[in-house]
Each structure stands twice: as structure tokens, then as C-alpha cells.
There are 2 protein chains.
Amino acid sequence: MTEYKIALVGFGGVNRGLAQLIADSNPSWQATLGFSLKIVGVTDLFLGSIIGRDGLDAATLVRLPAAKGAFAQLPGGSADAMNEEVIKHSGADIVAEATFTNPVDGEPATSFCRWALQAGKHLVTTNKGPIALHAAELKALAEANGVRFEYEGAVMSGTPVIRLARQALAGSRIKGFEGILNGTSNFVLTRMEEGLGFAEAVSKAQALGYAEADPTADVEGFDVRLKVVILANELLGAHLGVNDVSCKGISGLSAADIDAAKRDGARWKLIGAAQRNADGSIHASVEPRLLKAEHPLAGISEAINAVSFDTELLGAVTVSGPGAGRIETAFALLSDIIAIHTAKTGQ
Amino acid sequence: MTEYKIALVGFGGVNRGLAQLIADSNPSWQATLGFSLKIVGVTDLFLGSIIGRDGLDAATLVRLPAAKGAFAQLPGGSADAMNEEVIKHSGADIVAEATFTNPVDGEPATSFCRWALQAGKHLVTTNKGPIALHAAELKALAEANGVRFEYEGAVMSGTPVIRLARQALAGSRIKGFEGILNGTSNFVLTRMEEGLGFAEAVSKAQALGYAEADPTADVEGFDVRLKVVILANELLGAHLGVNDVSCKGISGLSAADIDAAKRDGARWKLIGAAQRNADGSIHASVEPRLLKAEHPLAGISEAINAVSFDTELLGAVTVSGPGAGRIETAFALLSDIIAIHTAKTGQ
């Protein structure tokens with residue numbers, strides 16, 4: 001009977017989704033996964049925080065209203081986000097970090113990650129910022145403190161990409177990858193193929209909750225660029241910063257471009273890609289590319305994401321699945337915890 | 001410096017491919033994978049056998065002519081296939097079984113597998129027969145003897161399917177799968193979409209080496225059926241035998257069927273599928289299915305294989321890649337050995 005104590009940092013959709021998975025499935029996980037989870041602390045800049053070293057009821061946490069300082073409504077809770085206290089002193093074995101991504105300096109998430117690792121906690125996160133900007137430092141910190149640092153959900157939510165490449169494709173010699181790494185922009189392109197103009201398609205994505213009020217990060221490729229940095233550094237051993245990746249979005253594509261492609265049986269896709277050059281250097285980019293029908297990513301429509309790995313021994317291996325979603329991203333945290341458990345038990 | 005001694009059983013394309021990978025890459029594997037491989041024995045019903053407890057030169061083995069009794073040409077080699085001797089007494093830590101698939105009783109491969117496991121050797125195989133027919137017995141034997149039994153290459157050659165589902169998708173609650181699991185039949189369907197008749201398309205597949213002289217197993221679904229049995233038992237906890245899977249191939253599809261689908265933007269695909277019913281029972285089938293353009297498998301053309309997993313937490317997650325090929329299948333054995341190493345070292 002292994003039980004991991006977990007602290008949740010950020011209590012928006014993702015960690016709330018994880019709390020829901022725990023509320024629904026914890027009893028069955030002992031049998032199916034070999035462990036259960038006990039939430040011992042939660043902190044959120046907007047909602048406040050709570051510590052319960054004997055375990056907090058996951059279902060109660062899930063029902064917490066999304067109101068400022070709401071944790072003060074619970075016995076022992078506080079309207080203040082006592083981040084450092086929850087991360088370092090709630091007795092957690094594992095810290096699940098799922099706050100918002102700051103693409104400039106990765107804060108405050110990166111500090112949360114440092115605190116967790118320095119305190120000897122395993123760290124799981126779905127946050128692109130700390131990984132794209134500070135992965136090397138955080139990995140070294142995990143190593144130095146003898147804990148695991150897992151972040152499958154930083155790219156394509158729960159769809160396995162990083163773990164697929166590192167484990168199942170180990171030894172296949174990955175030379176590069178191409179990916180459809182942003183669901184919003186792929187949704188917009190799919191609507192444009194049906195005849196909508198760019199602005200109309202963006203409005204539709206906003207109406208359905210796929211796009212933010214300001215869609216810039218999605219349609220101009222900035223979100224994809226962070227993911228390209230993560231995958232290139234992770235899978236190709238690159239040492240790229242965000243500014244090493246050229247970046248062009250889809251706002252320049254016209255209805256005429258889309259139509260012309262369609263007549264040729266081709267499709268415009270926003271592709272994040274990196275490849276190792278003959279001299280060992282890495283070239284990485286984000287740009288619209290015209291894909292012929294037989295390209296492994298040509299069939300990826302709607303808000304689906306996909307990555308096609310170019311491997312020396314297998315040629316193209318492609319994985320597709322959801323790239324966002326509350327439960328889908330919460331599953332990424334669960335899969336990271338499973339990986340920690342597996343590494344520990346040698347299964 | 002970990003070194004595994006390996007015995008190769010069957011020396012057709014696949015294990016010859018593995019020998020080639022060893023000849024090419026063994027020195028670099030210490031740095032990249034953490035181990036190297038030493039071939040200590042090879043046996044093949046047609047070529048004979050050889051044992052070299054201090055290590056056989058992989059490059060020499062790769063160059064061996066494909067002539068009856070050819071191992072007798074090498075110092076210490078024999079024209080006789082001393083299978084039991086090589087498997088049990090060559091000093092191997094790992095046995096790589098890659099003989100031909102016998103879909104009726106799985107022999108002689110299953111006996112080779114039993115010998116290896118009983119002798120306390122880790123076993124890796126790409127052979128569908130023993131897995132489809134005797135997986136439960138062989139798993140129990142591995143467990144009882146404290147060794148690993150890995151068979152990623154039994155389905156879709158080196159493209160990770162079994163390991164993807166068991167490791168990266170652990171906890172996602174797989175409810176079923178649909179797969180394009182035979183490259184030959186998918187190649188035939190792709191050619192028929194270009195206007196060839198069934199017989200012409202089969203001839204073309206034969207001319208290119210995709211189809212056997214007798215294409216029955218490929219086009220009538222018997223090959224796919226074995227893979228459905230393997231995946232259903234492995235991923236859904238089913239206990240299916242071959243006869244529990246209904247099986248209909250593509251030979252009944254006419255040019256008119258293909259054309260009608262094309263006009264609707266749909267495609268006929270030979271789909272091997274299984275799903276868990278509400279009562280816990282498993283329904284499994286092989287049959288041509290008409291897929292709409294937005295189906296995750298609709299874009300899979302030529303000889304490419306793919307599996308789409310239906311998961312409770314992520315919805316559809318799909319992986320595509322090669323389903324055959326000498327080096328591609330040899331990579332499956334390498335990935336199995338990497339998994340053995342990882343389990344041993346807890347990486």
C-alpha cells in the first residue's frame with residue numbers, strides 16, 4: 001500500500017481536474033496503479049491556500065467556488081496563498097505545479113518549482129514556462145536533491161509525447177520532429193477550409209472557448225514556439241532559447257491561400273519543427289507549411305495536436321491526441337506520478 | 001559498463017537486422033543507452049548454428065550467405081540448428097526469438113520461448129504466434145523464473161504500441177482500440193483508390209515485396225486477427241483466442257465500393273478492433289470499415305500502420321508508423337532490450 005502525499009500549486013482547471021480524478025478514482029488506483037494519492041495542501045494566488053497533513057477531502061476541494069479567497073471558507077483554510085508553506089511544509093512527497101504560464105521569465109512558477117525541488121519533493125508540472133526557460137537548471141536541481149522532475153503535460157496536455165520519445169522511441173535516433181502543437185490555430189485553419197475568413201474563424205474559436213480574448217499567442221505561433229523549445233531541448237539535446245526559434249503565425253494566410261491548397265489536395269498547417277543538421281546544430285522554426293495529403297500531419301483537423309518524429313531506424317512515427325482540456329491535462333500529472341512510482345518500484 | 005550476452009534464434013531478416021544494428025552501433029550504445037550487446041550464439045533451422053561464448057563478430061554474421069547450412073562455413077559453426085543448445089547453454093542473458101510465425105500452434109517458436117524462460121533467460125520476440133496463442137502461459141513462466149518477457153515487435157514492428165499503451169497511457173483507462181494493422185492490405189486499398197482493381201493492386205504489392213506469393217493471410221485479415229488477439233488481451237485484459245475474433249478481409253471490396261466512398265470523402269480501411277462492452281465482455285473483430293475523413297485512421301495510406309486507442313481520460317490517442325521492415329522490426333527487439341535494462345536499473 002503505497003500512498004503519496006501531494007501538494008497542489010495553482011488550483012485552476014488542471015489541478016482541480018486532478019483533484020476530481022483523485023475523488024473519483026483513488027480507491028481503484030491501489031489495484032490498478034499500485035498507489036493512492038493524499039492531498040495535503042493546496043495553494044492558489046486567487047483562491048488562497050489550505051494545509052491538511054492528514055489529508056484533505058478531494059471532492060470538497062473540487063466543489064470550492066472560484067471566488068477570491070475561497071479557501072477561507074474551509075476549516076483551516078486561508079484567503080492568503082501561502083505558497084512557500086504549502087510547497088515546503090505541508091509534508092508532501094510530490095508537488096503538482098499548474099499555475100499560469102509566463103513566457104517571459106517563467107515566474108512565479110519557476111520559483112515554486114525551485115522550492116519544491118530544493119525541499120526534496122518530486123515535482124510534476126504542466127507549465128510550459130519553467131520548462132521552456134529553465135529546464136536545465138531545474139533538472140540539475142532535481143538530480144542534486146535525488147528527486148524526479150516530470151513534465152509530460154507541458155506539450156500536448158496528456159497525449160504522451162515526451163515520454164513516448166524518451167522511453168518507447170529510445171534508441172531509434174530521433175533526427176527531428178514536426179508538430180501541430182496548438183489546437184486553437186488548427187481549429188481556425190479547419191474552419192477556414194470550410195469557407196470562413198480568418199477573423200470569423202477566430203471569433204468562432206473564441207465563442208467555443210478554444211481561443212482567449214486575445215488570440216495572439218495561439219495564432220501568431222508564440223505558444224507553439226515554447227513547445228518547440230521544450231521538444232528540441234528534450235529530444236534533440238539542443239540548448240535553444242525562445243529567440244533561437246524563428247516564428248511566423250497563421251494570420252497572414254488568406255482564404256485564397258487555403259482554397260488554392262485545397263484544390264491541390266494539400267493543407268496549410270501551423271508547424272513547429274526542429275531538426276538536427278549535418279554539423280550537429282539544430283534548426284528550429286514555427287511557420288505555416290503547405291502539407292501534401294500523404295504527409296503524416298495532413299489529416300490532423302479541428303483542435304487535435306500531433307507530433308511526427310523523424311527517426312533514423314523507423315522513419316516517421318506520429319502520435320496524435322488532445323492538446324488541451326482540463327481532465328486531459330490533469331491526466332498528464334497523473335501519468336507523471338505513475339512514472340515516478342514506476343521508477344521507484346522498478347516495474 | 002553493462003554488457004548483455006544475447007542469443008539469436010532465427011537468423012532471417014529481423015535478427016540479421018539486429019546483428020547489423022549491433023555491428024554499426026554497439027560502441028555508441030554504452031554512452032547513449034547504458035549497455036552494450038555481445039552475441040554469444042545464433043541458431044536458424046535453415047542456416048545451422050554457432051556458439052561463441054566470448055562473443056561472435058556481428059559484422060561477420062551479417063555477411064553470412066543465405067544458404068542452407070551456411071553457419072558451417074564459420075570456425076566453430078555447424079550446419080545443424082542446435083536450438084536447445086544455443087538457447088540454454090550459450091551463456092546468454094537474453095534470447096531474441098525471431099523465427100517464422102505459425103498461426104496454428106505457434107511452434108516451434110513457442111518451444112524456443114519456453115526453453116529460454118525456463119533456463120532463466122530474458123526473452124524478446126517479434127513473433128506473433130507465441131504471443132497470440134500462448135502469452136498467458138509464457139508470462140507466467142517469465143514471472144516464475146524472475147525474467148522479463150517483452151514483445152513490442154509482435155504488433156506494428158518497431159512502432160511503439162504495446163509499450164505506449166502500457167506505460168505512457170497507463171491510468172488513461174483504455175476502453176478499446178481500432179487499428180490498421182496490416183501494411184499489405186492498406187497498400188492494396190491505397191492503390192485501388194488510384195483506380196487499380198483488387199487483383200492488380202495485389203500484384204503490385206507482390207512485385208514490390210509487400211505481399212507474399214500467397215497473399216491470403218494479409219488480405220483476408222488473418223494476420224490482423226492475430227494482432228487483435230494480442231492487443232485485446234494485452235490492453236483490455238481480455239482472454240481471447242483466435243476464433244473469438246470475427247474476421248472478414250478486403251477481397252470482397254469492389255472498385256465501385258472504393259469509388260463511392262471516395263465521392264463521399266470517405267475511405268475503406270481494413271480495421272482490427274476490440275472494445276469493452278458495458279457488461280465487461282470484449283467484442284473483437286476484423287473487417288473493412290468505411291471511415292469518414294475526420295476519423296483518426298482515415299489519413300493512413302500506403303503500407304503505414306496505426307492504432308487509435310479509445311481512452312476515457314484523453315479520448316482518441318493515435319500512433320502511426322511502419323508496420324514491417326527488417327531494421328524497423330529489429331528495432332523492436334532493441335527497444336525490448338532497452339526496457340529490460342531500464343527495469344533492471346530503475347532509470
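Residues numbered from 1 in each chain as written. Chains lettered and ligands numbered in written order. Predicted model: local features only at pLDDT ≥ 70, side-chain atom pairs only at ≥ 80, totals over all residues. Heavy atoms only, no water.

Q: Break down the overall build of chain A for me, citing the residues and quoting the values.
A: Counting secondary structure elements, chain A contains 12 helices and 12 strands. Computed over C-alpha atoms, the radius of gyration of chain A comes to 21 Å, within 12% of the 20 Å expected from 2.2 N^0.38 for 347 residues, which places it in the range of a compact globule. Seen through its principal axes, chain A has C-alpha atoms that stretch 65 × 45 × 40 Å. Going through the 347 residues of chain A one by one, you find that 57% of them count as buried. Within chain A, counting contacts between residues at least 6 apart in sequence, those at least 24 apart form 68% of the total. For chain A, the exposed surface amounts to about 13200 Å²; the carbon and sulfur share of it is 51%. (Helix = DSSP H or I, 4+ residues; strand = E, 2+ residues; numbered from the N terminus. Rg over C-alpha atoms; globule rule 2.2 N^0.38 Å. Buried < 20%, exposed > 50% of the residue type's maximum accessible area, 1.4 Å probe, protein only. Contact = heavy atoms within 4.5 Å. Areas by Shrake-Rupley, 256 points an atom, 1.4 Å probe, with all protein chains shown as cover.)

Q: Talk me through the interface of chain A and chain B; I want residue IDs and the actual numbers.
A: Every contact between the two is made by 33 residues of chain A and, on the other side, 33 residues of chain B. Across the chain A/chain B interface, buried area totals approximately 2600 Å², and carbon plus sulfur atoms make up 65% of it. The largest contributions to the chain A side of the interface with chain B come from A:Leu313, A:Leu314 and A:Phe331, which together make up 22% of the buried area. Across the chain A-chain B interface, the total number found is 0 salt bridges. In this structure, the connection of chain A to chain B is made through 4 residue pairs in polar contact (both at pLDDT 80 or more). At the level of elements, α1 (13-32), α6 (162-168), β12 (315-321) and α12 (326-345) of chain A are the ones that each hand at least two residues to the side of chain A that touches chain B. (Buried area = accessible area lost by both parts, 1.4 Å probe. Salt bridge = Lys/Arg side-chain N within 4 Å of Asp/Glu carboxyl O. Polar contact = N/O pair within 3.5 Å; in protein donor to acceptor, adjacent residues only side chain to side chain.)

Q: Explain helix α10 (residues 222-235) of chain A to me, using residue names and the numbers behind them.
A: Along its 14 residues, α10(A) runs 20 Å from first to last C-alpha, staying within 8% of the 20 Å computed at 1.5 Å per residue. With its phi angle positive at about 65°, A:Gly237 sits one or two positions after the end of α10(A). (Expected span 1.5 Å × (residues − 1).)

Q: Summarise empty space enclosed by the protein; cite the residues concerned and give the values.
A: If a probe the size of a water molecule is rolled over the atoms, the empty space left behind becomes visible. Residues and elements named next belong to chain A. Going through the model one piece at a time under the given rule, you end up with 1 cavity of 30 Å³ or more. Within this model, the largest cavity holds a volume of roughly 30 Å³. Every residue lining the largest cavity is listed: Ile180, Leu181, Asn182, Ser185, Asn186, Leu189, Val224 and Leu270. At 3 residues, the largest contribution of residues to the lining of the largest cavity is made by helix α7 (residues 183-193). Here the residues of the lining of the largest cavity sort into 5 nonpolar, 3 polar and no charged. (1 Å grid on protein atoms, 1.4 Å probe; cavity = no way out; pocket = protein on both sides within 12 Å on 5 of 7 lines; lining within 4 Å. Points joined across faces, edges and corners; volume = space filled by probe spheres on them. Nonpolar A, V, L, I, M, F, W, Y, C, P; charged D, E, K, R; others polar.)

Q: A description of the relation of the copies chain A and chain B should follow, citing residues and the corresponding values.
A: In this structure, two copies of a chain are linked by a rotation about an axis accompanied by a shift along it. Least-squares fitting of chain A to chain B yields an RMSD of 0.0 Å, with the transformation described by 0.0 Å of translation along the axis and a rotation of 180°. This pairing of chains is accounted for by a two-fold axis. An overlap of 100% is found between the interface residues of chain A and their copies at the interface of chain B, pointing to a shared contact surface. (Least-squares fit on C-alpha atoms with pLDDT ≥ 70 in both.)

Q: Lay out the packing of α1(A) against α12(A) in plain terms, naming residues and giving numbers.
A: Residue and element names in this part refer to chain A. At a closest axis distance of 8 Å, the pairing of α1 and α12 adopts a crossing angle of 65°. For the pair α1 and α12, the sense of crossing is right-handed. Here α1 contributes Gly13, Val14, Asn15, Arg16, Gly17, Leu18, Gln20, Leu21 and Trp29 to the contact with α12, which in turn contributes Arg326, Ile327, Thr329, Ala330, Phe331, Leu333 and Leu334. Counted by class, the contact of α1 with α12 contains 9 nonpolar, 5 polar and 2 charged residues. (Axes fitted to C-alpha atoms, helices over the stretch in contact; angles between N-to-C directions. Left-handed = near helix turned anticlockwise from the far one by under 90°.)

Q: Could you give an account of the UniProt feature "domain: Homoserine dehydrogenase catalytic" (unreviewed entry) in chain A, with specific residues and numbers?
A: The feature "domain: Homoserine dehydrogenase catalytic" (unreviewed entry), as given by UniProt, occupies residues 160-338 of chain A in the numbering adopted here. From the first C-alpha to the last, residues 160-338 of chain A spans 13 Å; its make-up is 38% helix and 25% strand. (UniProt positions renumbered as here; feature names shortened; annotations may be inferred.)

Q: Describe the pairing of strand β4 (residues 94-97) of chain A, with residues and values.
A: All names here are of chain A. Residues Ile94 and Ala96 of β4 are buried on one face, and the alternating residues Val95 and Glu97, pointing to the opposite face, are buried as well. Across 4 bridges, strand β1 (residues 2-9) lies against β4 in parallel orientation. By the bridge assignment, Ala7 is partnered in β4 with Val95. Considered for its hand, the β-α-β crossover made up of β4, helix α4 (residues 109-118) and strand β5 (residues 122-125) is right-handed. (Pairing = 2+ DSSP bridges. Right-handed = clockwise from strand over helix to strand, strands pointing away.)

Q: Could you give an account of the packing of aromatic side chains, with specific residues and numbers?
A: All names here are of chain A. Counting across every chain of the model gives 10 aromatic pairs over all chains. Measuring from centroid to centroid gives 5.8 Å for Phe11 and Phe71, while their planes differ by 50°, and the two rings are tilted. You can see Phe11 sitting in the loop between β1 and α1 and its partner Phe71 sitting in the loop between α2 (58-62) and α3 (83-89), a full 60 residues away along the chain. Residue Phe11 shares its accessibility class with Phe71, and that shared class is buried. Between the aromatic rings of Phe187 and Tyr210, the centroid separation amounts to 4.7 Å while the plane-to-plane angle is 50°, which identifies the pairing as tilted. One end of the pair, Phe187, is in helix α7; the other, Tyr210, is in the loop between α8 (198-207) and α9 (216-219), with 23 residues separating them in the sequence. Judged by its relative accessible area of 3%, Phe187 is buried. Geometry around Phe187 places Arg191 over its ring, the cationic atom sitting 4.7 Å from the centre. (Phe/Tyr/Trp six-rings, centres within 6.5 Å; stacked < 30°, edge-to-face > 60°. Lys NZ or Arg CZ within 6 Å of the ring centre and 35° of its normal.)

Q: Go over the sheet that holds β5(A), please, and point to the residues and values.
A: Residue and element names in this part refer to chain A. Strand order in the open sheet made by the 6 strands is β3-β2-β1-β4-β5-β6, with mixed pairing throughout. Edge positions in the open sheet fall to β3 (48-51) and β6 (149-150), since each of these has one partner strand only. Packed onto the sheet, α1 meets β1, β2 (35-44) and β4 and runs at close to 160° relative to β2. Packed onto the sheet, α4 meets β1, β4, β5 and β6 and runs at close to 175° relative to β4.

Q: Account for the sheet that holds strand β3 (residues 48-51) of chain B, with residues named and values stated.
A: Residues and elements named next belong to chain B. Judged by pairing direction, the sheet is mixed, and its 6 strands sit side by side in the order β3-β2-β1-β4-β5-β6 without closing on themselves. Of all strands in the sheet, those with a lone pairing partner are β3 and β6 (149-150), marking the two edges. For strand β1 (residues 2-9) and strand β2 (residues 35-44), the ladder comprises 8 bridges, and the chain directions are parallel. Paired with Ala7 across the strands is Gly41, a residue of β2. Each of β1, β2, β4 (94-97), β5 (122-125) and β6 touches helix α12 (residues 326-345); the most contacted strand, β5, lies at about 150° to it.

Q: So what about the environment of A:Pro65? Which residues, and what values?
A: Residue and element names in this part refer to chain A. Structurally, Pro65 is set in the loop between α2 and α3. Once the C-alpha coordinates of Pro65 and Leu47 are considered, the two residues, 18 residues apart in sequence, prove to be 8.8 Å apart. When sequence neighbours within four positions are dropped, the list of residues in contact with Pro65 reads Arg16, Leu47, Ala70 and Gln73.

Q: Now, about the side chain of B:Lys121: what can you tell me, with residues and values included?
A: All names here are of chain B. Positionally, Lys121 belongs in the loop between α4 (109-118) and β5. No salt bridge forms around the buried Lys121; measuring N to O, its nearest opposite-charge neighbour Asp93 is 6.6 Å away. Among the polar contacts made by the side chain of Lys121, one reaches the main-chain carbonyl oxygen of Ala92 at a distance of 2.9 Å. Apart from residues lying up to four places away in sequence, Lys121 is in contact with Ile87, Lys88, Gly91, Ala92, Asp93, Val95, Ala116 and Val147. (Lys, Arg positive; Asp, Glu negative; His and termini not counted.)

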